[in-house]
Amino acid sequence: DAGVIQSPRHEVTEMGQEVTLRCKPISGHDYLFWYRQTMMRGLELLIYFNNNVPIDDSGMPEDRFSAKMPNASFSTLKIQPSEPRDSAVYFCASSLWGPGANVLTFGAGSRLTVL
Amino acid sequence: QKEVEQDPGPLSVPEGAIVSLNCTYSNSAFQYFMWYRQYSRKGPELLMYTYSSGNKEDGRFTAQVDKSSKYISLFIRDSQPSDSATYLCAMSANTGNQFYFGTGTSLTVIP
């Protein structure tokens, strides 16, 4: 398996623009997570899905953020409109759940810069 | 109080030193304990995984879990410059699927 695949790896955009980040989880993993990482706050959980259904979106900072998982192999995180304070690295991760399987596998991240 | 506490460092050691990285936690329900290594501008990668208490060894790395003290450790023997990275501890409980992360400890191994 190629692991968790994220795109784009880097995104530079201007304030007010829409940003869409994409993730392909590991095949067979039934949980998918979106994290944001900054120097100040470390890794923050934004939202996670189980079997394509959003389970907990309490970490989504505000209504400008939305996430979807239309099928088991694809998820998007959208920011509309983007703001400079959204600049961060966004990680997607996936996992199995069950005895001995509770481990997250991360993608390489999408580095977002909002000017 | 945060669920997981980790000293951010930075930690700087000479090559060959033994490194000790630690996390404390408050939730006694945590059963699964992980250490991730994150190189600069990369995603975190799983380094060690333990279930419940005890020790686990993998090459130069040893993970220890002391549930009575709510304290986990990662030891690196014969540290190498290639070990220079940020190390994040993470843990989860039996119920639900939330993973709780420490803020990470930055380690530099000087040749």
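Note that the coordinates shown come from a computational prediction; the quantities given were computed from them, not determined experimentally.

It is worth spelling out the overall build of chain B at this point. A count of helices and strands for chain B gives 0 helices and 11 strands. For chain B, the α and β elements follow one another from N to C terminus as β-β-β-β-β-β-β-β-β-β-β. The C-alpha radius of gyration computed for chain B amounts to 13 Å, which stays within 12% of the reference 13 Å derived for 111 residues, consistent with globular compactness. Expressed as lengths along the three principal axes of its C-alpha atoms, the size of chain B is roughly 45 × 25 × 20 Å.

Before going further, it helps to spend a moment on the sheet that holds strand 8 (residues 74-79) of chain A. Residues and elements named next belong to chain A. Pairing is antiparallel in the open sheet, where 4 strands are placed in the order 1-3-8-7. Each end of this open sheet is capped by a strand with a single partner; those strands are strand 1 (5-7) and strand 7 (65-71). With direction set aside, neighbouring strand axes in the sheet form an average angle of 15 degrees. As judged from the 5 bridges shared by strand 3 (residues 19-24) and strand 8, these two strands associate in the antiparallel manner. Paired with Leu21 across the bridge in strand 8 is Leu77.

Residues and elements named next belong to chain B. The strand order 1-3-8-7-6 describes an open sheet built from 5 strands, whose pairing is antiparallel. Where the open sheet ends on each side, the last strands, each with one partner, are strand 1 (4-6) and strand 6 (54-58). Neighbouring strand axes in the sheet, compared pairwise and without regard to direction, differ in orientation by 15 degrees on average. Taken together, the 5 bridges between strand 6 and strand 7 (residues 61-66) define a ladder with antiparallel strand orientation. Bridge pairing in strand 7 links Gly54 to Val65.

We now examine the nonpolar core. Membership of the largest hydrophobic core comes to 25 residues, with the highest contact counts inside it found for Trp35, Ile72, Leu74, Tyr87 and Met91 of chain B. Put simply, the parts of the chain that give this core at least two residues each are strand 3 (19-25), strand 4 (30-38), strand 5 (45-51), strand 7, strand 8 (71-76), strand 9 (85-93) and strand 11 (105-110) of chain B. The biggest single contributor to this core is strand 9 of chain B, with 5 residues. Look past the residues within four positions of Leu74 of chain B in its chain and what remains in contact with it is Val19, Ser20, Leu21, Trp35, Leu47, Met48, Phe61, Thr62 and Tyr87 of chain B. Judged by nonpolar contacts, the second largest core, of 21 residues, contains Met60, Ala67, Leu77 and Cys92 of chain A.

This part is about the interface of chain A and chain B. With 22 residues of chain A in contact, the opposing surface of chain B contributes 19 residues. Summing both partners gives a buried area of about 1700 Å² for chain A against chain B, and 57% of it is carried by carbon and sulfur. Run the count over chain A and chain B and you get 2 residue pairs in polar contact (both at pLDDT 80 or more). Those elements that provide at least two residues to the side of chain A that touches chain B are strand 4 (31-38), strand 5 (42-50) and strand 9 (88-95) of chain A. If you tally residues by element for the side of chain A that touches chain B, the top one is strand 4 of chain A, at 4 residues. Residue composition of the side of chain A that touches chain B, grouped by class: 14 nonpolar, 5 polar and 3 charged.

Residue and element names in this part refer to chain A. This model, assessed by the stated rule, comprises 11 salt bridges over all chains. The partner of Arg36 in a salt bridge is Glu44, and the shortest N-O contact between them spans 3.3 Å. Across this residue pair, the class does not change: Arg36 and Glu44 are buried.

Each aromatic ring pair is summarised here by two numbers: the centre-to-centre distance and the angle between the ring planes. Here the structure, examined in full by the defined rule, presents 16 aromatic pairs over all chains. Their ring planes at 85 degrees and their centres at 5.6 Å tell us that Phe33 of chain A and Phe99 of chain B sit as a pair that is edge-to-face. One end of the pair, Phe33 of chain A, is in strand 4; the other, Phe99 of chain B, is in strand 10 (residues 99-101), on a second chain. Here Phe33 of chain A matches Phe99 of chain B in class, with each residue buried. By the ring-pair criterion, three or more aromatic residues cluster together here, those being Tyr31, Phe33, Tyr35, Tyr48, Phe91 and Phe106 of chain A together with Tyr36, Phe99 and Phe101 of chain B.

Rules used in this analysis
Residues numbered from 1 in each chain as written. Chains lettered and ligands numbered in written order. Predicted model: local features only at pLDDT ≥ 70, side-chain atom pairs only at ≥ 80, totals over all residues. Heavy atoms only, no water. Helix = DSSP H or I, 4+ residues; strand = E, 2+ residues; numbered from the N terminus. Rg over C-alpha atoms; globule rule 2.2 N^0.38 Å. Pairing = 2+ DSSP bridges. Axes fitted to C-alpha atoms, helices over the stretch in contact; angles between N-to-C directions. Core = buried A, V, L, I, M, F, W, Y, C linked by side-chain atoms within 4.5 Å. Buried < 20%, exposed > 50% of the residue type's maximum accessible area, 1.4 Å probe, protein only. Contact = heavy atoms within 4.5 Å. Buried area = accessible area lost by both parts, 1.4 Å probe. Polar contact = N/O pair within 3.5 Å; in protein donor to acceptor, adjacent residues only side chain to side chain. Nonpolar A, V, L, I, M, F, W, Y, C, P; charged D, E, K, R; others polar. Salt bridge = Lys/Arg side-chain N within 4 Å of Asp/Glu carboxyl O. Phe/Tyr/Trp six-rings, centres within 6.5 Å; stacked < 30°, edge-to-face > 60°.

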